[in-house]
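A closer look at the structure
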Amino acid sequence: MSLTRNTLREKLTPGTGAGEPESVVVDALDGYIESDEQIHYRLPGKGSVVKAEDGKTNTTTVPGNATARAVVTDRKLVFVVASEQQSSAVAISYTELKDIDAKDGLLRSKLTVEVWGAGEYRFKISDSSNLGAAVNYLQQASRCWDQVIATLDDARDHSAEMGEAIEAGDLETARDRRQDAAEKIEKARDYLDRFDIDSPAALQEHIVSVERERNRTEVRTRISRAETLITEAGHHTKNREYTQAYRRFWYARDNLETAQAIARKGEISEPTEIEAKLITIENRLSHLEVRPRALAQQACERARGTDKLPVEIEAWQEAFEQYRDALTAGWGTDIDFSGDVDELRSRIETVVGHLIEGRQDLAEQLEAKGDKHRRGHPDTAREQYDEALEQLDTAHQLAREFRAGDAESIRTERERLGSKRYNL
């Protein structure tokens, strides 16, 4: 934020060794000095600023009785040439400074600064009493800014890589990049202490800003990752992949809680969506726990409510799979799908009994249909017999696995039908 004219005059007065600042200089600097910027030196000059670049020189002068000043702040060097008729100012940030040199003689002193990609500026000094101290400050400030900004740029790069890793689900790399960014930020703070100058407030704020942006990046990308995981969990739930669904919800919750902790610790405005998504996850986890049993019960009701044997068998099969999921899903996790284990096992046995009986009945119906086509349409008969054999094979497998029904009787029936089919 720029200063009012009176405030700017006050900032130019103390500690400069040059007395009350001229009105034309104050006017010329309007818009070049920020409210939190510190002015360290105000060097009087001799009426012009010379710029040399690519073998050519350009001298900045203004009409009238000109006043020239080189103003050294904690952020930049400003050359000012001003009169009542006109003024000119050139601001050079410390990250632009390539080299600083000064010649201090009895008759003539000159400040020369080289700028990256823009040649050099030459400024004649009329009073060199503060020139040595100003040059020392410029040299240290330039190195300090260069090293701090370069280090913070590295921190930004690591923060961006951290965000990419989080969104990709690579939390190990994300942790490494976050640590790399933190180390760079601390290294930038160390640089401020190494130089024999007051730590520029702008650099201190820049460090805080980069650290805050790293935290914002992690909060933002963890929320995004959580959204992806919630979506994936929904797909797994629909596909009856309950353990995978639970793990996705768990990872989503972990990302959101981490984002919440970072926001609070880093004094960042906590996104309202975090709490809403955490509530959503808890609701969906509660639903996930009861989903297999609820779907199994619905399937049982469908099986009992139909008089179509194929539909009944399909419903019993679904009930069997859902009850089995309720009993086995979630192993190795904290979620409890099963409820009462003994009750679930009892229900599975009941459903398996219905399923075996239904498949035997369907095999009998299919065999009867095959018998009708045996004489005139043998190929159709074989198809019916093959489907009947598949039903008996499944029934026999269930009977053996769960010790339900009469596995030996089913095997005998299957051998009889197989012989009948292959002798057709």
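Refer to the preceding data block for the structure.
Residues numbered from 1 in each chain as written. Predicted model: local features only at pLDDT ≥ 70, side-chain atom pairs only at ≥ 80, totals over all residues. Heavy atoms only, no water.

Before going further, it helps to examine the sheet that holds strand 7 (residues 97–104). If you trace the five strands from one edge of the open sheet to the other, you get 3-2-9-8-7, paired in antiparallel fashion. If you trace the sheet from one side to the other, it starts and ends with strand 3 (56–60) and strand 7, each paired once. Direction aside, the axes of adjacent strands within the sheet are offset by 20° on average. Sheet topology places strand 8 (residues 109–115) next to strand 9 (residues 120–125); six bridges connect them, and they run antiparallel. Across the sheet, residue Val113 finds its bridge partner in strand 9, namely Tyr121. Where helix 3 (residues 131–167) meets the sheet, it contacts strand 7, strand 8 and strand 9, and its direction lies at approximately 170° from that of strand 7. (Pairing = 2+ DSSP bridges. Helix = DSSP H or I, 4+ residues; strand = E, 2+ residues; numbered from the N terminus. Axes fitted to C-alpha atoms, helices over the stretch in contact; angles between N-to-C directions. Contact = heavy atoms within 4.5 Å.)

Taken N-terminus to C-terminus, the directions of helix 3 and helix 5 (residues 201–238) make an angle of 5°; their axes are 8 Å apart at the nearest point. Put simply, helix 3 runs roughly parallel to helix 5. Here Cys144, Trp145, Val148, Ile149, Leu152, Ala155, Arg156, Ser159, Met162, Gly163, Ile166 and Glu167 of helix 3 lie close against helix 5, whose contacting residues are Ala202, Leu203, His206, Ile207, Val210, Arg214, Thr217, Glu218, Thr221, Arg222, Ser224 and Arg225. In terms of residue class, the contact of helix 3 with helix 5 is made up of 12 nonpolar, six polar and six charged. (Parallel < 35°, antiparallel > 145°, perpendicular 65-115°, else oblique. Nonpolar A, V, L, I, M, F, W, Y, C, P; charged D, E, K, R; others polar.)

Now for helix 3. With 37 residues, helix 3 should reach 54 Å at 1.5 Å per residue; the first-to-last C-alpha distance of 53 Å fits that figure. One or two positions beyond helix 3, positive phi appears at Gly169, with a value near 80°. (Expected span 1.5 Å × (residues − 1).)

Moving on, we get to unusual backbone geometry. Positive phi, normally seen in glycine, also occurs at Arg240, with a value near 60°. Summarising the element assignment, Arg240 is placed in the loop between helix 5 and helix 6 (242–265). Residue Glu267 is not a glycine yet carries a positive backbone phi of 55°. Following the sequence through the fold, Glu267 ends up in the loop between helix 6 and helix 7 (272–304).

Of all seven residues making up strand 5 (residues 76–82), seven are buried, and the element is well covered by its neighbours. Here strand 5 shows a buried face lined by Lys76, Val78, Val80 and Ala82 and a second buried face lined by Leu77, Phe79 and Val81. Across six bridges, strand 4 (residues 67–73) lies against strand 5 in antiparallel orientation. By the bridge assignment, Val72 is partnered in strand 5 with Leu77. Linking strand 4 back to strand 5 in an antiparallel pair, the connection comprises two residues. Pairing between strand 5 and strand 6 (residues 87–93): seven bridges, direction antiparallel. If you follow Val80 over to strand 6, its bridge partner there is Ala89. What sits between strand 5 and strand 6 in their antiparallel hairpin is a turn of four residues. (Buried < 20%, exposed > 50% of the residue type's maximum accessible area, 1.4 Å probe, protein only.)

This brings us to the sheet that holds strand 5. Taken together, the four strands give an open sheet; going across it, the order is 1-4-5-6, and neighbouring strands pair in antiparallel fashion. Single-partner strands in this sheet number two, and they are strand 1 (39–44) and strand 6. Averaged over all neighbouring strand pairs, the angle between strand axes comes to 15°, with direction disregarded. Relative to strand 4, strand 1 runs antiparallel, the two sharing five bridges.

Relative orientation of the contacting elements helix 3 and helix 4 (residues 171–194) amounts to 165°, with a least axis distance of 8 Å. Classified by the angle between their axes, helix 3 and helix 4 sit roughly antiparallel to one another. Read as a crossing pair, helix 3 and helix 4 show a hand that is left-handed. In terms of residue class, the contact of helix 3 with helix 4 is built from 13 nonpolar, five polar and seven charged. (Left-handed = near helix turned anticlockwise from the far one by under 90°.)

For the rest of this paragraph, the subject is the side chain of Lys277. One can find Lys277 in helix 7. Contact partners of Lys277, with chain neighbours within four places excluded, come to Ile223, Glu227 and Leu256.

Once that is clear, we can look at helix 6. Helix length check: helix 6, at 24 residues, gives a terminal C-alpha distance of 34 Å against a target of 34 Å (1.5 Å per residue), a fit within 8%. In the stretch just after helix 6, Glu267 is the one whose phi turns positive, near 55°.

If you look at the biggest cluster of nonpolar residues, it comprises 43 residues, and the most contacted ones within it are Val72, Phe79, Tyr94, Leu111, Val113 and Val148. Sorting elements by how many residues they give to this core places helix 3 first, with 12 residues. Discounting chain neighbours no more than four positions away, the residues touching Phe79 are Val49, Arg69, Ala70, Ser88, Ala89, Val90, Ile92, Leu111, Val113, Tyr121 and Phe123. Membership of the second largest hydrophobic core comes to 33 residues, among which are Ala299, Phe320, Tyr385 and Ala388. (Core = buried A, V, L, I, M, F, W, Y, C linked by side-chain atoms within 4.5 Å.)

Turning our attention to a negative patch on the surface. Residues Asp157, Glu161, Glu164 and Glu167 make up a contiguous surface patch of negative charge. Here Glu164 is to be found in helix 3. Accessibility expressed as a relative area gives 57% for Glu164, which makes it exposed. (Patch = residues over 30% accessible without salt bridge, like charges linked within 9 Å, V, L, I, M, F, W, Y side chains within 5 Å. Areas by Shrake-Rupley, 256 points an atom, 1.4 Å probe, with all protein chains shown as cover. Salt bridge = Lys/Arg side-chain N within 4 Å of Asp/Glu carboxyl O. Lys, Arg positive; Asp, Glu negative; His and termini not counted. Charge placed at Lys NZ, Arg CZ, Asp CG, Glu CD.)

Distances and angles like these do not, on their own, reveal function.
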